[in-house]
Amino acid sequence: MDVACFVLLVACLLCAVAAPMHDTQQSETAWPALHSENRPWTRWWWMGSAVSESEITRHLELFKEAGIGGVEISPIYGADGAQAQNIPYLSPRWIETLNHTLREAKRLDLGVDMITGTGWPLGGPWVSNEDAASRVLFEKFDLSAYATLDFPIRSKENPDARLLALMAYSGDQVLDFTAKVDAAGHLEWQATSGHWTLIAAFATGTGQKVKRAAPGGEGNVIDHFSQVATRRYLEHFDKPLSQLSTGAMVRCFFNDSYEVYGANWTSALFDEFAQRRGYDLRGQLLALRGGDEAETVRRVRSDYRETVSDLLLEEFLQPWAKWAHDKGAKAREQAHGSPANILDLYAGADIPETETFGAGWLELAGLEPLPGTPKQSFEKGLILACKIASSAAHVAGKRLCSSESFTWLGEHGRVPLEHAKANADALFTLGINHLFFHGSTFSPAEAAWPGQMFYASTHFAPTNTFWRDLPALNSYIARCQSFMQSGQPDNDVLIYLPIYDLWAAEKGSKDGLQFLTMHNTETWLDQSMAGFSKSAHTLWQRGYGFDFVSDRLLKKAVSFENGALQTRGGTYRTLCVAGASLMPPETLERLLELARSGATILVVGDLPQDVPGLGDLAKRRAQLHAALDSLGARREISPCVQHAGVGKGQFLIGPDAETLLEAAKVPRETLTDDGVKFMRRAQDGGHIYFLANQSRQRLERWMPLAISAKFIAIYDALSGHFGRAAVRQRDGKTQVYLQMEAGQSLLLRAFADAPKMPQWDYFSSGAAQELKGAWSVEFVEGGPALPSKAEIEQLSSWTTWPSDGEALRAFSGTARYTLNFERPKGDFEAWQIDLGEVRYSAQVRLNAHDLGTLISRPFAVRVPSALLAQNNRLEIEVTNLMANRLADLDRRKVPWQKFFFVNIAYKPFDSSGWEPLSSGLIGPVWLVP
């Protein structure tokens, strides 16, 4: 762009923002004051609980200094050679260490959560076999007329399993022979006619023990479907926790992802099923096992799955959350992985928590994992799975929605801060606003490098080389979350989650149940709820803000008032039903009730014509059809859309969600057409946007917004800069002028009155000049040893330099690059130093002035013209990753893995064959006017 064009652009932008200044206070327009919950927290693994007060204090002070806001104490297995220091879980000594942690965290203004147990899932040595997770086993016997069973009724898999029921089926006849089986397992009965199928159901323990348990936490996994087992499990915590100092308590008790393998039964299930579903499951064991007519099998299994879902919510989650509340704490819950409606489970916690797992998440930002990490394809269902968690928070009125973040984002030592930022940006666009690093391992100061590490993590600990630059990432996350935790969500559409279509489906079933994990979203979302998934993905791509709503939340948390659908957490313009072929009549009646009050209900395809389940089928079908009949006559309002008036509201029925949203005049955010993903929130007097440019190119243009605003401020959470944006009104739309690099994120805040702040700096670049000359390189921090100083003319990876070759190939740490240069000719308002390629983060100083820490592309920093002297000294401290030093340890066969440790494929970790990662300042470095 030539100078004339640049001046014209600036003049236009200044005119666009020109307006009289009002008395909006600076404190209302600058970055919000940060508190501990704004900052990222970290899972803090206590290996063997081999902790001490002095080391707890040291760790917490390091966390505080780095900008971490809190910890989640997670006791796990111990380290070899440290067994003598292990502290049994919940012992008096363990409680002393917890007490000390709480005191020191309070002193440092850090938060503390803790898992309600050790390892995962919940369990321990105090869990009896009676309270342990259990499963049902089936055996089938066929009898012809006049035949008898001449062998005992036993489970082939486990002969000691307890008989639950023995049912006989012949045509329409169903006989219960359970009481006729004697203690030895013999049945005294002879078939009198026809062919009989006998189904025996047995209960047995799963045998699952707590995974990665800490000393004192080993034992059975609890029965999550039993309130009695839940209560007895939690009672074991009461006395130890009562020994904490007065007023001392964790912020939250935490329940990790549901990984209870094979559990599909509880002792009260027959009674609970009959009470909830209205018939005796024993009469349908043939169908439950899959041996009946297909529709009956689907209906019985749906009822069974719904019952288990109810039990997990009402017998475990709600009692556990109440127990936490009674302790003066909150409940933080990962619901995914469970065989239940996870939307309801998330909503039952004070802080619902999702997770990210694997390098596939980098695909969203156009990044690839570093060499040594297998490339993974991103499952698009993960977007919806994460939005189920944030939807629970939004609809149920929970201020925070957290995430276990960066798990296996790359192979050990091969995750740069740039990748963590990209993953964080994706989470923010999905409505997540409380990130937990996964994570940090308690490692005593005397432990040789790299100290203690956890196997399934990105290593957020002081022994990781990126620790010196981690405060930049933490400041970025804190600034973003200070906005994203304020106000309330501002999505336009509620989408009904058709859980009954999933429960009636066979895909994803195991042991009669379907486990909704983060590793099989393609099955349970994109296949079993295909119509729903397709519509939701389309709205995501097209820029419609939405949340999901369940049958239970629709009944308890949604109303229509003041011209909008109101939930406990936000307001919505409309509700959409897509891909639902089954629906309880009570849910349809609730939709009709909302429509009569004035709501617009959108229906993709048509409303469900059948009910789920088997119990009282004829009556419930009649109830559903009566509700459908009350919908009234339909009329065409467009070639694709039908209208049915109901009271003050309406139903709109059409072929796809976007057509219906256009008919309902629900706006979309067109910025997604340019590859920008967003999350929008509302607060008094305006709105907040988080924007992430997930395209592969720089964007510079006027960007329309779906909201109306006179004034908008732009906030750059990486640099801390903010200012009033150029805003104009065109075609009834508010437009804001944006300059966004690929991978960049920005926050927007709309104001009713002109904010008292400087104008946002828009830049147009002139001819760049490469900074060349003799670079002085000094290695200032790291190991295994500091390489010698070097003088280089051409920037390249230090692992390729011929001098000190082996030391450079093994080195992980920081090198200071220094260059002296003269100021080029030209009078410009500002300059930019563009570092080109950096491996992998950099701190930049010019003439002894700190210009900031760069952790992601573009690795460039602004320089006010006044800072650029005639003769200049540029210092760049570049830090590489810890991978090269790990590989050196393995090549030299140093026994550093003194704990359970595997690679990303869950095989023994061995980095001896790794080629060195490119390291240092690669450049070229440019000075840009």
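Please refer to the structure higher up on the page.
What counts and how
Residues numbered from 1 in each chain as written. Predicted model: local features only at pLDDT ≥ 70, side-chain atom pairs only at ≥ 80, totals over all residues. Heavy atoms only, no water. Helix = DSSP H or I, 4+ residues; strand = E, 2+ residues; numbered from the N terminus. Rg over C-alpha atoms; globule rule 2.2 N^0.38 Å. Buried < 20%, exposed > 50% of the residue type's maximum accessible area, 1.4 Å probe, protein only. Contact = heavy atoms within 4.5 Å. Areas by Shrake-Rupley, 256 points an atom, 1.4 Å probe, with all protein chains shown as cover. Lys, Arg positive; Asp, Glu negative; His and termini not counted. Charge placed at Lys NZ, Arg CZ, Asp CG, Glu CD. Salt bridge = Lys/Arg side-chain N within 4 Å of Asp/Glu carboxyl O. Axes fitted to C-alpha atoms, helices over the stretch in contact; angles between N-to-C directions. Parallel < 35°, antiparallel > 145°, perpendicular 65-115°, else oblique. Left-handed = near helix turned anticlockwise from the far one by under 90°. Nonpolar A, V, L, I, M, F, W, Y, C, P; charged D, E, K, R; others polar. Phe/Tyr/Trp six-rings, centres within 6.5 Å; stacked < 30°, edge-to-face > 60°. Lys NZ or Arg CZ within 6 Å of the ring centre and 35° of its normal. Core = buried A, V, L, I, M, F, W, Y, C linked by side-chain atoms within 4.5 Å. Expected span 1.5 Å × (residues − 1). Pairing = 2+ DSSP bridges.

K.L.:
Account for the overall build of the chain, naming residues and giving values.
P.N.:
Summing up its helical and strand segments, the chain has 21 helices and 47 strands in all. The globule rule puts the C-alpha radius of gyration for 929 residues at 30 Å, and the 31 Å found for the chain is close to it. Counting every position in the chain, which comprises 929 residues, the buried fraction comes to 61%. Considering only residue pairs separated by 6 or more positions, the chain has 78% of its internal contacts joining residues 24 or more positions apart. Total accessible area on the chain stands at roughly 35100 Å², and carbon and sulfur atoms take up 49% of it. Once the 91 positive and 107 negative side-chain charges of the chain are each reduced to a mean point, those two points are 2 Å apart.

K.L.:
Tell me about the pattern of salt bridges, residues and numbers included.
P.N.:
All chains considered together, the criterion is met by 61 salt bridges. Here Arg552 ties to Asp344 by a salt bridge, and the two come within 3.7 Å at their closest N and O atoms. On the criterion of sequence distance, the pair formed by Arg552 in helix H16 (residues 551-556) and Asp344 in helix H9 (residues 342-347) is long-range, its members being 208 residues apart. The partner of Glu778 in a salt bridge is Arg816, with the nearest N and O atoms 3.5 Å apart. Residue Glu778 is located in strand E37 (residues 775-783), and its partner Arg816 is located in strand E39 (residues 812-822); the two are separated by 38 residues in the primary sequence. Using a relative accessible area of 22% as the deciding quantity, one classes Arg816 as partly exposed. Taken together, the salt bridges that share partners define one network made up of Glu37, Arg43, Glu72, Asp113, Arg251, Asp256, Arg332, Glu353, Arg399 and Glu404.

K.L.:
Account for the packing of helix H3 (residues 53-66) against helix H4 (residues 92-108), with residues named and values stated.
P.N.:
Between H3 and H4, the least distance of the axes is 10 Å, while the angle of their chain directions is 30 degrees. Classed by the angle they form, the pair H3 and H4 counts as roughly parallel. Regarding H3 and H4, the two cross each other, and that crossing is right-handed. Of H4, the residues touching H3 (which contributes Glu53, Ile56, Thr57, Leu60, Glu61 and Lys64) are Arg93, Glu96, Thr97, His100, Thr101, Glu104, Ala105, Arg107 and Leu108. Class assignment for the residues of the contact of H3 with H4 results in four nonpolar, four polar and seven charged.

K.L.:
Outline the packing of aromatic side chains, listing residues and values.
P.N.:
Taken as a whole and assessed by the stated rule, the structure comprises 54 aromatic pairs. Judged by centre distance (4.9 Å) and plane angle (70 degrees), the ring pair of Trp361 and Phe378 falls under edge-to-face. Linking Trp361 in the loop between strand E12 (351-357) and helix H10 (381-396) with Phe378 in the loop between E12 and H10, this pair joins segments that are 17 residues apart in sequence. As far as burial versus exposure is concerned, Trp361 and Phe378 are alike and both buried. Plain terms: the ring middles of Phe828 and Trp831 are 5.3 Å apart, the flat faces sit at 75 degrees to each other, and that makes the pair edge-to-face. Positioned above the aromatic ring of Trp41 is the side chain of Arg251, whose terminal nitrogen or guanidinium carbon lies 4.0 Å from the ring centre.

K.L.:
Give a description of the nonpolar core that names residues and reports values.
P.N.:
Within the largest apolar cluster, 205 residues are counted, with the highest numbers of intra-cluster contacts made by Trp94, Leu98 and Phe651. Per-element accounting of this core gives the leading share, 13 residues, to helix H8 (residues 294-326). Not counting the four nearest positions on each side in its chain, Trp94 is found in contact with Trp46, Ser49, Ile73, Pro75, Ile87, Pro88, Tyr89 and Met114. Membership of the second largest hydrophobic core comes to 34 residues, among which are Leu808, Phe821, Val844 and Leu921.

K.L.:
For helix H12 (residues 470-484), give the residues involved together with the corresponding values.
P.N.:
End to end, H12 covers 21 Å across 15 residues, agreeing with the expected 21 Å (1.5 Å per residue, within 8%). With 12 of 15 residues buried, H12 is to be regarded as a mostly interior element. Of all the residues in H12, the buried ones are Leu470, Ala472, Leu473, Asn474, Tyr476, Ile477, Ala478, Cys480, Gln481, Ser482, Phe483 and Met484.

K.L.:
Describe the sheet that holds strand E7 (residues 173-176), with residues and values.
P.N.:
Strand order in the open sheet formed by four strands is E5-E8-E6-E7, with antiparallel pairing between adjacent strands. At either margin of the open sheet sits one strand with a lone partner, and together these are strand E5 (134-143) and E7. The average angle at which neighbouring strand axes cross in this sheet is 20 degrees, direction not considered.

K.L.:
Tell me about the environment of Gly290, and name the residues and values.
P.N.:
If you trace the backbone, Gly290 turns up in the loop between helix H7 (285-288) and H8. Gly290 gets classed as partly exposed once you look at its relative accessible area, which sits at 38%. Between the alpha carbons of Gly290 and Arg301 there is a distance of 8.6 Å; along the sequence they are 11 residues apart. Once residues lying within four places of it in the same chain are set aside, the contact partners of Gly290 are Val297 and Arg301.

K.L.:
Could you give an account of the sheet that holds strand E3 (residues 111-115), with specific residues and numbers?
P.N.:
The strand order around the closed barrel formed by eight strands is E1-E2-E3-E10-E11-E12-E13-E14, and the pairing between neighbours is parallel. The sheet shows a mean angle of 30 degrees between the axes of neighbouring strands, taken without regard to direction. Pairing geometry for strand E11 (residues 330-333) and E12, over two bridges, is parallel. Paired with Glu333 across the two strands is Pro352, which belongs to E12. Packing of helix H11 (residues 417-429) onto the sheet brings it into contact with E12, strand E13 (402-407) and strand E14 (434-441), and relative to E13 it is tilted by some 150 degrees.

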